[in-house]
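Now for the letters of each chain:
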Amino acid sequence: MSGEPEPIPLAQPDIGSREETLVLEVLRSGQLSLGPMGQRFERELAAWLGVEDAVAVSSGTTALHLGVRALGWGAGDEVLTSPFSFVASANCLLYEGARPVFCDVDPVTLNLDPAAAAAAAGERTAGILPIHIFGYPAAMAALESLASAQGLGILEDACEAIGAVDSEGRRVGSRGNLATFAYYANKQMTTGEGGTIVPTDAECGARIRSERNQGRAIDMGWLDHDRLGFNYRLSDVAAAIGVAQVEKLDELLERRAAVADLYEQGLAGIEGVATPIAGRGQERRSWFVYTVRLADGVDRDATIARLAARGIASKAYLPCIHLFPHLRELGYREGQFPVAEAAAAHSLALPFFPAISEGQVARVCQELAAALGQTPVTG
Ligand SMILES: Cc1ncc(COP(=O)(O)O)c(C=O)c1O
């Protein structure tokens, strides 16, 4: 339609000629799976993260599933985790018959509150599954103290947090715990679909590599299997995209942080909109989404609809997972986790991706102000 500004999507991957070149290289090589590009992706990602090893898998969810299995969590085990997350961080426990025990979150970071986790630990607690939500590092030092005091395993869901830095200045996923990453197209880096699991040691890595490949050890033939396994492999075509993305990951993360700064400035004068923290002490967010918190009394659905009418995508992000029907079956109800539920009720994700322009961010801010009944701030 003439005169209408271009719609602004919520997310958009950054794919360029380097991705095309490497994908073409794989296509022409004829080795589309279990080939050298997959190994290269694993090596380059491990080097970027500063870890010994990183196993590529088909998604963040499959990475989490293999992590749960590596820790041996199953029927009768309870795992302390956050209700303010994407559903896969609880589902991976259900796959193995373990029970997610939700605990409320910290109001600033929206991550699992260590005090709430300590209060919920009991006889059956086998582990802790913290999520670095919206790319903000979880309170790992405190959670590790709790885990070591009670003999618990840890699986870090870093699917939204590649590049985040924790309170001790360490890159998320490099503390020696099992940790997972994910590469859906809205993530900081993408392979279309894909994920990684960082194993704790060589034996753990070998088990995970076998389980992702139908229960075949590295030296076994195609029709030999010595354990239960899955097809959780990442194709070399996807790995090629991953190699190109790792090469420019620093740049992608810097650009996302710059966009977050633009939003911070652009939203400053708007009443009833609280912006997320970028860091605190040594903690640094890796910007996955840009979610603001709307004040009590703001009609979020109406705000989303007004923005949509102006060509701007936005989303209520994210709902609490303990309230989904299959988790309510475990006895969870509204009102149990007031901090998480309040965050879920008020958070709004705005368009956020590396190529968004300064002008587009300004337009989102102006339209949000208008949607809230405020005069757009200009200049
Ligand atoms: C916190 C969290 N955990 C797990 C996942 C699952 O990743 P995937 O969609 O690659 O299976 C996601 C992805 O959206 C996520 O945000």
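Preceding this paragraph is the structure being described.
Residues numbered from 1 in each chain as written. Predicted model: local features only at pLDDT ≥ 70, side-chain atom pairs only at ≥ 80, totals over all residues. Heavy atoms only, no water.

> Even after reading the chapter, I still don't get the sheet that holds strand 12 (residues 315–316), so can you show me in this structure?
Across a sheet, strands are paired by hydrogen bonds formed along the backbone, either parallel or antiparallel in direction. Taking strand neighbours across the sheet as the criterion, the four strands line up as 8-11-13-12 in an open arrangement whose pairing is antiparallel. Two strands lie at the open edges of the sheet, namely strand 8 (273–274) and strand 12, each paired on one side alone. Relative to strand 13 (residues 347–350), strand 12 is paired through two bridges, and the arrangement is antiparallel. Along strand 13, the bridge assignment pairs Ala316 with Leu348. (Pairing = 2+ DSSP bridges. Helix = DSSP H or I, 4+ residues; strand = E, 2+ residues; numbered from the N terminus.)

> Teacher, can you tell me more about the sheet that holds strand 3 (residues 99–102) here?
Taken in spatial order, the seven strands make up an open sheet running 1-7-6-5-4-2-3, and their pairing is mixed. Among the strands making up the open sheet, the edge pair consists of strand 1 (55–57) and strand 3. With direction set aside, neighbouring strand axes in the sheet form an average angle of 25°. As defined by bridge partners, strand 4 (residues 125–129) adjoins strand 5 (residues 153–157) across two bridges and the pair is classed as parallel. Looking across to strand 5, one finds that Ile128 is bridged to Ile154. Strand contacts of helix 4 (residues 88–95): strand 2 (78–81), strand 3, strand 4 and strand 5, with the helix running at about 145° to strand 3, the strand carrying the most contacts. (Axes fitted to C-alpha atoms, helices over the stretch in contact; angles between N-to-C directions. Contact = heavy atoms within 4.5 Å.)

> For this particular structure, what's the right way to read the packing of aromatic side chains?
Think of a pair of aromatic rings as described by two things: how far the centres are apart, and how the planes are tilted against each other in angle. Evaluation of the coordinates by the stated rule reveals 11 aromatic pairs. Each ring, one from Phe102 and one from Phe337, has its centre 6.5 Å from the other, and the planes form 70°; the classification is edge-to-face. Here the residue Phe102 occupies a position in strand 3, and Phe337 occupies one in the loop between helix 11 (325–328) and helix 12 (338–346), the gap between them amounting to 235 residues. Across this residue pair, the class does not change: Phe102 and Phe337 are buried. Where Phe134 meets Tyr317, the ring centres are 5.8 Å apart and the plane angle is 25°; that geometry is what we call stacked. Here the residue Phe134 occupies a position in the loop between strand 4 and helix 6 (140–150), and Tyr317 occupies one in the loop between strand 12 and helix 11, the gap between them amounting to 183 residues. Accessibility expressed as a relative area gives 3% for Phe134, which makes it buried. (Phe/Tyr/Trp six-rings, centres within 6.5 Å; stacked < 30°, edge-to-face > 60°. Buried < 20%, exposed > 50% of the residue type's maximum accessible area, 1.4 Å probe, protein only.)

> Hey, could you run me through the packing of helix 1 (residues 17–29) against helix 8 (residues 236–247) in this one?
The geometry of a pair of packed helices is captured by two quantities: the angle between their axes and the separation between those axes. The geometry of helix 1 relative to helix 8 is characterised by a closest axis approach of 8 Å and an angle of 150° between their N-to-C directions. By the angle between their axes, helix 1 is roughly antiparallel relative to helix 8. Classified by chirality, the crossing of helix 8 by helix 1 is right-handed. Contacts between helix 1 and helix 8 pair Arg18, Glu19, Leu22, Val23, Val26 and Leu27 from the former with Asp236, Val237, Ala240, Ile241, Val243, Ala244, Gln245 and Glu247 from the latter. (Parallel < 35°, antiparallel > 145°, perpendicular 65-115°, else oblique. Left-handed = near helix turned anticlockwise from the far one by under 90°.)

> What should I look at first to understand empty space enclosed by the protein in this one?
A water-sized probe rolled over the atoms picks out the places where empty space is left. Summed over the entire model, instances satisfying the criterion amount to one cavity of 30 Å³ or more. For the largest cavity, the calculated volume is near 80 Å³. Residue lining of the largest cavity: 16 residues in total, with Gln12, Pro13, Asp14, Lys187 and Arg256 positioned closest to the centre. Split into classes, the residues belonging to the lining of the largest cavity amount to eight nonpolar, five polar and three charged. Each of domain 1 (17–247) and domain 2 (249–371) accounts for three or more of the residues forming the lining of the largest cavity. (1 Å grid on protein atoms, 1.4 Å probe; cavity = no way out; pocket = protein on both sides within 12 Å on 5 of 7 lines; lining within 4 Å. Points joined across faces, edges and corners; volume = space filled by probe spheres on them. Nonpolar A, V, L, I, M, F, W, Y, C, P; charged D, E, K, R; others polar. Domains from an automatic or database assignment.)

> Explain the pairing of strand 11 (residues 290–294) to me, please; I cannot follow it from the model alone.
Sheet faces and side chains relate simply in a regular strand, where the side chains alternate between the two faces. Most of strand 11 sits inside the fold, with four of its five residues counted as buried. Examined bridge by bridge, strand 8 and strand 11 share two bridges and lie antiparallel to one another. Note that in strand 11 the partner of Ala274 across the bridge is Arg293. For strand 11 and strand 13, the ladder comprises four bridges, and the chain directions are antiparallel. The partner of Tyr290 across the bridge, within strand 13, is Leu350.

> Would you mind showing me how to read the nonpolar core here?
Side chains that are nonpolar tend, in soluble globular proteins, to be buried together. By size, the foremost hydrophobic cluster in this structure holds 57 residues, and its most contacted members are Trp73, Leu80, Phe84, Leu93, Ile128, Leu129 and Phe134. Summarising the domain contributions, this core has at least three residues from each of domain 1 (17–247) and domain 2 (249–371). Setting aside residues no more than four positions away along its own chain, Trp73 makes contact with Val68, Val79, Leu93, Glu96, Ala98, Ala126, Gly127, Ile128, Leu129, Gly153, Ile154 and Leu155. Counting 32 residues, the second-largest nonpolar core is a separate cluster that includes Leu22, Leu45, Phe181 and Leu249. (Core = buried A, V, L, I, M, F, W, Y, C linked by side-chain atoms within 4.5 Å.)

> I tried to follow the layout of surface pockets on my own but got confused; where do I start?
Roughly 610 Å³ of volume is contained in the largest pocket. Taken together, 36 residues line the largest pocket, and the ones lying closest to its centre are Phe86, Asn186, Lys187, Phe288 and Tyr317. Taken together, the elements giving at least two residues each to the lining of the largest pocket come down to helix 3 (60–71), strand 12 and strand 13. When residues in the lining of the largest pocket are grouped by element, the largest group, three residues, is from helix 3. Classifying every residue of the lining of the largest pocket by side-chain character gives 24 nonpolar, six polar and six charged. Two domains share the lining of the largest pocket, each providing at least three of its residues, namely domain 1 (17–247) and domain 2 (249–371). Each pocket or cavity is described by its volume, and for the second largest pocket that value is around 360 Å³. Taken together, 19 residues make up the lining of the second largest pocket; nearest its centre are Leu34, Gln39, Arg212, Asn213 and Ile218. Elements represented by at least two residues in the lining of the second largest pocket include exactly helix 2 (36–49) and helix 7 (202–212). Its residues assigned to classes, the lining of the second largest pocket comprises seven nonpolar, six polar and six charged.

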